[in-house]
Structures are given as C-alpha cells and as structure tokens.
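# Chain and residue survey
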Amino acid sequence: MIQKRAGERLIVMGDFNAKIARSAEMGEASIGNERGEMLLDFALSNNLKIVNMLFRGSIEDKWTWKSPIGGLHEIDYFMVEQRNNTVQHLAVMKTFKYDSDHRMLMSEMKLHKRRFSSNKEERE
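Residues numbered from 1 in each chain as written. Predicted model: local features only at pLDDT ≥ 70, side-chain atom pairs only at ≥ 80, totals over all residues. Heavy atoms only, no water.

### As for the sheet that holds strand β7 (residues 76–81)
As summarised here, the arrangement of the 3 strands in space is β1-β7-β4, forming an open sheet in which the pairing is antiparallel. At either margin of the open sheet sits one strand with a lone partner, and together these are β1 (11–15) and β4 (48–50). Averaged over all pairs of adjacent strands, the angle between strand axes in this sheet comes to 20 degrees, irrespective of strand direction. As paired strands, β1 and β7 are joined by 5 bridges and run antiparallel to one another. Bridged to Val 12 within β7 is Met 79. (Pairing = 2+ DSSP bridges. Helix = DSSP H or I, 4+ residues; strand = E, 2+ residues; numbered from the N terminus. Axes fitted to C-alpha atoms, helices over the stretch in contact; angles between N-to-C directions.)

Listed below in structure tokens is the structure:
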C-alpha cells in the first residue's frame, strides 16, 4: 500500500506496458496481457482508479505507443485515488516534436488553492 500524509493527493502515471481495455457492453476492464493484470491489481490494492478508462475514444485517439510492426496500443496510464475528482480531461498529445514511438498523455485537473501560513503562530 502506498503511504502518504494527510492532505496529500496521489497521482501515479507512467509507461506500464500494460494492456487494459474497457468492455463496451459491461463498462468493466478486460485484461489484454499479464502486465495489465498486474496494473489492475496494483490499482485495486492502492484504491486507485485508472483515469484512461473513464474517457471514451477509439484506439486511433487513445494510443500511446506505436509498435515497430504497425500496431497501436494504449500502454501508458494515469491513475488517481478513487475519491479524487480533480481530473477534468485526459488526452493524448497527437503531435510531439521529439522522435519517439510514444505519445504523451496530458491531463487537465481542477486543483484548489490552499492557503498556508508561513509562521507557526498563525497556524495555531
């Protein structure tokens, strides 16, 4: 279980080489490979939701890695805590100025500004 302090938000993102698809009929995850199963287990055991699965789209819109033999795959994921509703949108950047077989994920989040005092007496 991932440890964090009170008031902290948890965001986990990266290239997991996991294949997970959303079943159109059931709205549930279907596992495409062993790493997909590992990622789902990690998310469940840490009370995380996989944000990629919340936004619909075809593989042409959502792919994050292009195989050397031509296939398009969504293998990069963005996860937040189940109770975290700050993610407004998640998209794949369709153009990227660097030579890469991956496309970058971009998240739009609504964050609330917190006020912190700089002085210990003000906090008490």
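There's more to say after this.
### A closer look at the nonpolar core
Grouped together as the largest cluster of nonpolar side chains are 12 residues: Leu 10, Val 12, Ala 18, Ile 20, Leu 39, Leu 40, Ala 43, Leu 48, Ile 50, Met 53, Tyr 77 and Met 79. Counting only elements with at least two residues in this core, the list comes to α1 (34–45), β4 and β7. When residues of this core are assigned to their parent elements, the largest contribution, 3 residues, is made by α1. Contacts of Met 79, omitting those with residues within four sequence positions, involve Leu 10, Ile 11, Val 12, Phe 16, Leu 39, Phe 42, Ala 43, Leu 48, Lys 49, Ile 50 and Val 51. Counting residues in each nonpolar core, the second largest holds 5 residues, with Val 51, Phe 78, Val 80 and Val 87 among its members. (Core = buried A, V, L, I, M, F, W, Y, C linked by side-chain atoms within 4.5 Å. Buried < 20%, exposed > 50% of the residue type's maximum accessible area, 1.4 Å probe, protein only. Contact = heavy atoms within 4.5 Å.)

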